[in-house]
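For reference, the chains in residue letters:
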Amino acid sequence: MATLALLALATGCGEATIDQLDGPFYDGDHRLVHCGVNLDTSANATDASIDRGLDRAAARGETLELYTHDPGTSVPIARIERVLAGARERGLRFVTYADFAHDTAVGPGLALSFDDTFVDAWTALRPLFASSGARVTFFVSRFAELDPAQVAELHQLAADGHDIEAHSISHQNAPDYVEAHGLQPYLDDELDPSIAILRAEGFEVPAFAYPFGARTAELDAAIGRRVSVIRSVDYTYSVIQSPCPR
């Protein structure tokens, strides 16, 4: 279903459910720009909608992309437990964005990611991830604000098999920054150093997530020369137009 048709559905007939979107479902088409759906309480994705998304991934052999932020604060831990259990019950494999980048992701699967700098909260979920057999991706912004213990936690998460990726230096809205300062300053100030600082720590970093999912084709092209996979977002509601290219 086309994006414009989905927006019409959301506007005219209430919210769409996750399974009615195409953006957050990866079907092996080697796309540069992926799209995730927000699990945070504020994003209004219901448990029923999430379940329908997991059902679609299992039925169609796709990988569903979901993301969240601060476990226990922006999203209940019970919801994360439900999503991981739902993936296992449906036989979905756990996929990271490095898997997408290396073309090793084969559905049906679940790509769950966490954004920003909530490293302590992410680390607290290590037992849950281990008991679920889950591998997830952490898109890290504001790396310079992390203390040495939190940097060590990121390395522990990576050692557990999780994926550490870039999410910009200071979490600026990329199109707004480009409009105000130009494309090259965004690359110099926000993108390139966010990749470099993680690579200096030994992380591979083949992926980048846009803050707020905000993107343009110009940004996609420039960032796509630096990483293999970019994550934007898709919405089940019509508060703002989805930046997802599908």
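Rules used in this analysis
Residues numbered from 1 in each chain as written. Predicted model: local features only at pLDDT ≥ 70, side-chain atom pairs only at ≥ 80, totals over all residues. Heavy atoms only, no water. Disulfide = S-S within 2.5 Å. Helix = DSSP H or I, 4+ residues; strand = E, 2+ residues; numbered from the N terminus. Buried < 20%, exposed > 50% of the residue type's maximum accessible area, 1.4 Å probe, protein only. Axes fitted to C-alpha atoms, helices over the stretch in contact; angles between N-to-C directions. Parallel < 35°, antiparallel > 145°, perpendicular 65-115°, else oblique. Left-handed = near helix turned anticlockwise from the far one by under 90°. Contact = heavy atoms within 4.5 Å. Nonpolar A, V, L, I, M, F, W, Y, C, P; charged D, E, K, R; others polar. Expected span 1.5 Å × (residues − 1). Bend = angle between axes of the 7 residues up to and from the residue. Phe/Tyr/Trp six-rings, centres within 6.5 Å; stacked < 30°, edge-to-face > 60°. pLDDT = per-residue confidence, 0-100. Polar contact = N/O pair within 3.5 Å; in protein donor to acceptor, adjacent residues only side chain to side chain. 1 Å grid on protein atoms, 1.4 Å probe; cavity = no way out; pocket = protein on both sides within 12 Å on 5 of 7 lines; lining within 4 Å. Points joined across faces, edges and corners; volume = space filled by probe spheres on them.

### Focus: the state of the cysteines
Simply put, disulfide is the name for a covalent bond between the sulfur atoms of two cysteines. For the coordinates displayed, the defined rule picks out one disulfide. Note that cysteine 35 is cross-linked by a disulfide to cysteine 244, the S-S spacing being 2.1 Å. Between cysteine 35 and cysteine 244, the disulfide has an S-S torsion of 100° and is therefore right-handed. Here cysteine 35 is found in strand S2 (residues 33-38), whereas its partner cysteine 244 is found in the segment after strand S9 (229-234), with 209 residues between them in sequence. Cysteine 244 carries the same exposure label as cysteine 35, and that label is buried.

### Re the packing of helix H8 (residues 174-181) against helix H9 (residues 183-200)
Angle between the axes and distance between the axes: these two values describe a pair of packed helices. At their nearest, the axes of H8 and H9 sit 7 Å apart, and the two run at 120° to each other. Between H8 and H9, the interaxial angle falls into the category oblique. Like other packed secondary-structure pairs, H8 and H9 cross with a definite hand, here right-handed. Residue-level inspection shows Ala174, Tyr177, Val178 and His181 of H8 in contact with H9, the latter providing Leu183, Pro185, Tyr186 and Asp189. Of the residues that constitute the contact of H8 with H9, the class distribution is six nonpolar, one polar and one charged.

### Examining H9
For H9, with 18 residues, the first-to-last C-alpha span of 24 Å sits near the 26 Å given by 1.5 Å per residue. Its axis deflected by about 40° at aspartate 192, H9 carries its strongest bend there, up to four residues before the proline proline 193. Of all the residues in H9, the buried ones are Tyr186, Leu187, Glu190, Leu191, Ser194, Ile195 and Leu198. In this fold, the buried residues of H9 make contact with strand S7 (163-166), H8, strand S8 (207-209) and helix H10 (217-223).

### Focus on unusual backbone geometry
For histidine 30, which is not a glycine, the phi torsion comes out positive at approximately 60°. Here histidine 30 lies in the loop between strand S1 (25-26) and S2. In this structure, aspartate 116 takes a positive phi of about 95° despite not being glycine. For aspartate 116, a relative accessible area of 10% puts it in the buried group.

### A short note on the packing of aromatic side chains
Under the definition given, this model contains nine aromatic pairs. With centroids separated by 5.1 Å and ring planes inclined at 75°, the aromatic side chains of tyrosine 97 and phenylalanine 100 adopt a geometry described as edge-to-face. One end of the pair, tyrosine 97, and the other, phenylalanine 100, are both in helix H4 (residues 97-101), three residues apart, so they sit about a helical turn from each other. For the pair shown, tyrosine 97 and phenylalanine 100 are each scored as buried. Centroid distance phenylalanine 208 to tyrosine 210: 5.8 Å. Interplanar angle 80°. Geometry classified as edge-to-face.

### Quick notes on the confidence of the model for the protein
Looking at the protein, the pLDDT average stands at 93 and 93% of residues meet or exceed 70. Looking across the protein, the model is least confident in helix H1 (residues 3-13), with a mean pLDDT of 36, and most confident in strand S6 (residues 137-140), with 99. Confidence drops under pLDDT 50 across residues 1-13; counting only partners more than four residues distant or on other chains, this segment forms 21 contacts.

### Description of the environment of serine 194
Structurally, the position occupied by serine 194 is in helix H9. In this structure serine 194 comes out as buried when scored by relative accessible area, which is 3%. Sequence separation between serine 194 and isoleucine 169 is 25 residues; the distance between their C-alpha atoms is 5.1 Å. Beyond its immediate stretch of four places on either side in the chain, serine 194 contacts Ala166, Ser168, Ile169 and Phe208. Within the local environment of serine 194, its side chain forms a polar contact with the backbone oxygen of glutamate 190, the two atoms lying 3.3 Å apart.

### A short note on empty space enclosed by the protein
All chains considered together, the criterion is met by two cavities of 30 Å³ or more. Taken as a whole, the second largest cavity holds about 30 Å³ of empty space. Looking at the second largest cavity, the residues that line it are Val37, Asn38, Ala43, Ala45, Asp234, Tyr235, Thr236 and Tyr237. Of the residues in the lining of the second largest cavity, the class split is five nonpolar, two polar and one charged.

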